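# Coordinates in review
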Amino acid sequence: MLLLLQHARQGLVVHLLALLHASVHSPLDLVIVVAAFDALVILVAGIRIRIERVHRRTDTRRRCHHGAVGRAQHLAPTRAPSRVKLCACCTRWRRGRRAPRASIHLCRGSPPSPFPHPGSGARRARRCAPVAAEAASSEGAEPGVTPPSGFPAGAKPPTPILDTVNFPVHMKNLSIKQLEQLAEEIRRDVIYTVSKTGGHLSSSLGVVELTVALHYVFDCPKDNIVFDVGHQAYPHKILTGRRDRMHTIRQTGGLSGFTKRSESEYDPFGAGHSSTSISAALGMAAASDMKGDDKTSIAVIGDGAMTGGMAYEALNNAGFLDKNMIVILNDNKQVSLPTANLDPTTGRLTNAQPVGALSGMLTRLQSNKSLREIREIAKGVTKQMGPEVAELTAKVDEYARGLLTTGERATMFEELGMYYIGPIDGHSMQDLVDILTEIKNTEAVGPVLLHVMSEKGRGYSPAVAAADRMHGVVPFDVETGKQNKKEAATKAYTTYFAEGLIAEAAADERIVAIHAAMGGGTGLNLFQKRFPDRTFDVGIAEQHAVTFAAGMAAEGLNPFCAIYSSFLQRAYDQIIHDCALQKLPVRFAMDRAGLVGADGATHAGAYDVSYLACVPGIVLMAPSDEAELMHCIATANAIDDMPSAFRYPRGNGVGVELPAGNKGTPMEIGKGRILREGTDVAFLCYGTIAQTALKAADLLTEHGLSATVADARFCKPLGDCP
């Protein structure tokens, strides 16, 4: 039947060409012909999908997982060794001998293996399938939902299937049911690991099914999967040979909290900052095209990262280059991408989900290989008939596909040159595998955008209930989700900044605060509670944030732009071109200055002193304690003829006395201060390193040396100390 459909498809194309040649005498005729053709293609593609699914269900043939990667690769498993104990038939196959029909499976007495065995028949293969998957289904457990008490407190959860998967090749012969169980085990493993180490939790929980489906359908590391930011890549690390090192994540000498090229061949591109994945994947796709290989490049990007302009620059270029690549938009409704089903009052999903049986069926229809290939053929034919005809048929195609999808979202991406598919349920393994397989097998050239709806923190109720979905956490109690945060005698510098800015804004109504999707990280969520109409979250768009602030400054407002030191690097041209050269008084509050520990090199604020000191016409400050930070805020607010910036670290204050009402006093520009006078040696300090210098001076005193400690306060302009 499938062969008949294939011939029918070819026949449709032939008849279409004949019909176009003989019958099209006006644009109206062409519209009628194309509309009729779209209807026929949709009908044929729908029938094909149904037959293929029935064929998969009735196919009882099984292969050993070794056969999935080819005999040559199995005989030399240098990259992906398996910990699965081989049964007799697998051992005979490995040695090049044909397995007997009646094989004795040695694995029956060992932990159950998810891999069916050759020559054993469907019944014996089922006996060797994971017991855990059968038990989960018989108990009616809902895939992807893990109660907080899903396993004993402090105990590592059982993972029978995951224990047999070291690399993606080990999961190639799992059934959908077993893949769902594997995803559940990965989710529990992530919760257990992060509860001990801390790290990014909810973003990883939200992409477990998607990660499993990607590694099941595609062939990594040959194919490239580029995760945007990389903080959601914990499941990816577990599936690519790094599970035994997950307890070292974000620690000295351990695994990175993000993707990292030097860490694994399965990480084709390093990350840490957002909105870079599409550009990187497009570059890889263009390189593969030039080299003539058959690699597939996939970018996985969240709706938050899609607020960054670089993502749209890449989408625009991808549509122009028309390279064969896949962009997966992971939409968890957490940041900025507007959708119809987000309740603006609660920020949560409404019951009107754009997924389900009908949406899944229509999405599979859009992703169908036959439909896309015929569509590409039709596009090629109409291009040969002239630009006017091609433009007209493109409009017809767009409106015809609008009947099958949520037209506004599809139109936006289609206008950028992407073939839009979705939205689909990001936690339905069947839908993900079916659609990704269709996309992979389609020979039509061009970029595809798959819109996946997911839930951040999926499967862990404390994360789902938390305001921040437990995005970044310290070690926590698995049962309750309570984080083991140490009580400190002082507040964080971030909090002191927010309190100082609130006090300053209470006295000056011109002050406004701007951040780039980092309200919690910069403390401006506290400012927003007090001044909601004077706080602006521009999304993950640092370049826009700086120029947006410059525009406000040009109109007489006093903008404070709070951006992490490492993230401000992304807006360097805007600092020079839009602020400094125009002498617009934008105030930059650079949090996370200096080393930041667990987040690693991508987040280290180690460069701002150098890259800002060479900018003409800017004032640079660094407080030595929390009181000085409030004075820096007041000083920056008083500077009205040039931009200014002050840097402060991650961590807590030192406990000095704060100014009255947290309201700082403007300092004399370029003037430092003496913290301690001595006669033998002098320390000239910039920023909180002065606290370390004071401790060093105490040690020197014990050895008979007298030390002076000077706090420069400013590094530009350089002044003197009294």
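Throughout what follows, the structure given in this document is the object of discussion. Quick caveat: nothing in here was measured; it's all calculated off a predicted structure. (Residues numbered from 1 in each chain as written. Predicted model: local features only at pLDDT ≥ 70, side-chain atom pairs only at ≥ 80, totals over all residues. Heavy atoms only, no water.)

This part covers the overall build of the chain. Assigned secondary structure in the chain consists of 28 helices and 17 strands. Buried positions account for 54% of the 722 residues belonging to the chain. Expressed as a percentage of contacts within the chain between residues at least 6 apart in sequence, the contacts between residues at least 24 apart total 74%. Total accessible area computed for the chain in this model is approximately 32,200 Å², and 56% of it derives from carbon and sulfur atoms. (Helix = DSSP H or I, 4+ residues; strand = E, 2+ residues; numbered from the N terminus. Buried < 20%, exposed > 50% of the residue type's maximum accessible area, 1.4 Å probe, protein only. Contact = heavy atoms within 4.5 Å. Areas by Shrake-Rupley, 256 points an atom, 1.4 Å probe, with all protein chains shown as cover.)

Most of strand E11 (residues 587-591) sits inside the fold, with five of its five residues counted as buried. As defined by bridge partners, E11 adjoins strand E13 (residues 644-647) across four bridges and the pair is classed as parallel. Across the sheet, Arg587 pairs through a bridge with Ser644, a residue of E13. (Pairing = 2+ DSSP bridges.)

Taking 1.5 Å per residue as the helical rise, helix H8 (residues 176-197) with its 22 residues ought to reach 32 Å, and the 31 Å between its terminal C-alpha atoms agrees with that figure. Within H8, 17 of the 22 residues are buried, which leaves it mostly tucked inside the rest of the structure. (Expected span 1.5 Å × (residues − 1).)

If you trace the three strands from one edge of the open sheet to the other, you get E14-E16-E15, paired in mixed fashion. Looking at strand neighbours, the two that pair on one side only are strand E14 (673-676) and strand E15 (681-685), the edges of this open sheet. Each strand of the sheet is rotated relative to its neighbour by a mean of 25°, with strand direction disregarded. Where E14 lies against strand E16 (residues 707-711), three bridges are found, and the strand directions are antiparallel. Of the residues in E16, the one forming a bridge with Arg676 is Val709. Contacting E14, E15 and E16, helix H28 (residues 689-702) crosses the sheet at an angle of about 170° to E15. (Axes fitted to C-alpha atoms, helices over the stretch in contact; angles between N-to-C directions.)

Counting residues in each nonpolar core, the largest one holds 57 residues, and the members touching the most others are Leu182, Leu201 and Ile328. Top element by residues in this core is H8. It accounts for seven residues. What Leu201 contacts, discounting residues up to four positions off in sequence, is Val190, Ile191, Val194, Tyr460, Met470, His471, Val473 and Phe476. Ala549, Ala550, Cys561 and Phe588 belong to the second largest nonpolar core, which has 30 residues in total. (Core = buried A, V, L, I, M, F, W, Y, C linked by side-chain atoms within 4.5 Å.)

With that out of the way, let us pick up the pattern of salt bridges. Side-chain pairs of opposite charge can arise where the charged atoms are in close proximity. Inspection of the entire model under this criterion finds 26 salt bridges. Of the charged contacts in the structure, one is a salt bridge between Arg187 and Glu184, with a shortest N-O distance of 3.8 Å. Here Glu184 and Arg187 lie together in helix H8, a separation of three residues that amounts to about one turn. In this pair, the class of Arg187 matches that of Glu184, namely buried. The partner of Arg676 in a salt bridge is Asp698, with the nearest N and O atoms 2.5 Å apart. (Salt bridge = Lys/Arg side-chain N within 4 Å of Asp/Glu carboxyl O.)

Attention shifts here to the environment of Ser565. With respect to the secondary-structure elements, Ser565 resides in helix H24 (residues 565-568). Judged by its relative accessible area of 0%, Ser565 falls in the buried class. Once the C-alpha coordinates of Ser565 and Ala606 are considered, the two residues, 41 residues apart in sequence, prove to be 7.8 Å apart. Residue contacts for Ser565: discarding those within four places in its chain leaves Met590, Asp591, Arg592, Ala593, Gly605, Asp608 and Tyr611. A distance of 2.7 Å separates a polar atom in the side chain of Ser565 from a polar atom in the side chain of Asp608. (Polar contact = N/O pair within 3.5 Å; in protein donor to acceptor, adjacent residues only side chain to side chain.)

Moving on to the packing of H8 against helix H18 (residues 429-441). As a packed pair, H8 and H18 sit with axes 9 Å apart at the nearest point and diverge in direction by 115°. In this structure, H8 meets H18 at a crossing whose hand is right-handed. In this structure, H8 contributes Ile176, Leu179, Glu180 and Ala183 to the contact, and H18 contributes Met429, Gln430 and Val433. The class makeup of the residues in the contact of H8 with H18 is five nonpolar, one polar and one charged. (Left-handed = near helix turned anticlockwise from the far one by under 90°. Nonpolar A, V, L, I, M, F, W, Y, C, P; charged D, E, K, R; others polar.)

Glancing now at the packing of aromatic side chains. On inspection of all chains with the given rule, the structure shows 10 aromatic pairs. Aromatic side chains Phe167 and Tyr266 sit 5.9 Å apart centroid to centroid with 35° between the ring planes, which places their arrangement in the tilted category. In this pair, Phe167 is assigned in the loop between helix H7 (131-138) and H8 and Tyr266 in the loop between helix H11 (234-242) and helix H12 (277-291), connecting sequence segments 99 residues apart. For the pair formed by Phe167 and Tyr266, the shared burial category is buried. With a centroid separation of 6.2 Å and an interplanar angle of 50°, the aromatic rings of Phe497 and Phe646 are classed as tilted. (Phe/Tyr/Trp six-rings, centres within 6.5 Å; stacked < 30°, edge-to-face > 60°.)

Before going further, it helps to spend a moment on unusual backbone geometry. Comment: phi is negative for the bulk of residues other than glycine, and the bulk of peptide bonds are trans. In the segment running from Gly422 into Pro423, the intervening peptide bond is cis, with an omega of 0°. Residue Pro717 is bonded to the preceding Lys716 through a cis peptide linkage, with omega at 0°. Within the secondary structure, Pro717 is located in the segment after strand E17 (714-716). In the Ramachandran plot, Val229 falls in the positive-phi region, its phi being about 70° despite a non-glycine side chain. Here Val229 is to be found in the loop between strand E2 (224-227) and H11.

Once that is clear, we can look at helix H27 (residues 626-638). The terminal C-alpha atoms of H27, which comprises 13 residues, lie 19 Å apart, in line with the 18 Å expected from a rise of 1.5 Å per residue. Taking burial as the measure, the 13 residues of H27 include 12 buried ones, the bulk of the element. Capping the start of H27 is the job of one residue whose side-chain oxygen sits 3.1 Å from the backbone nitrogen of Ala627: Asp625.

On to the packing of helix H10 (residues 208-217) against H11. One can describe the packing of H10 onto H11 by two numbers: an axis separation of 9 Å at closest approach and a directional angle of 35°. Handedness of the H10/H11 crossing: right-handed. The segment H10 lies against H11, with Val208, Thr211, Val212 and His215 engaging Pro235, His236, Leu239 and Thr240. A breakdown of the residues in the contact of H10 with H11 according to their chemical character gives four nonpolar, four polar and no charged.

With respect to the element layout, Glu265 can be found in the loop between H11 and H12. For Glu265, a relative accessible area of 46% puts it in the partly exposed group. Spatially, the C-alpha atoms of Glu265 and Thr240 are 9.0 Å apart, while their sequence positions differ by 25 residues.

A separate point is the pairing of strand E10 (residues 558-564). A large share of E10 lies buried, amounting to seven of its seven residues. Along E10, one buried face is formed by Asn558, Phe560, Ala562 and Tyr564 and the opposite face, lined by Pro559, Cys561 and Ile563, is buried too. Inspection of the sheet shows strand E8 (residues 511-515) paired to E10 by five bridges, in the parallel sense. By the bridge assignment for E10, His515 is matched with Ala562. Taken together, the five bridges between E10 and E11 define a ladder with parallel strand orientation. Bridge pairing links Ile563 to Met590 in E11.

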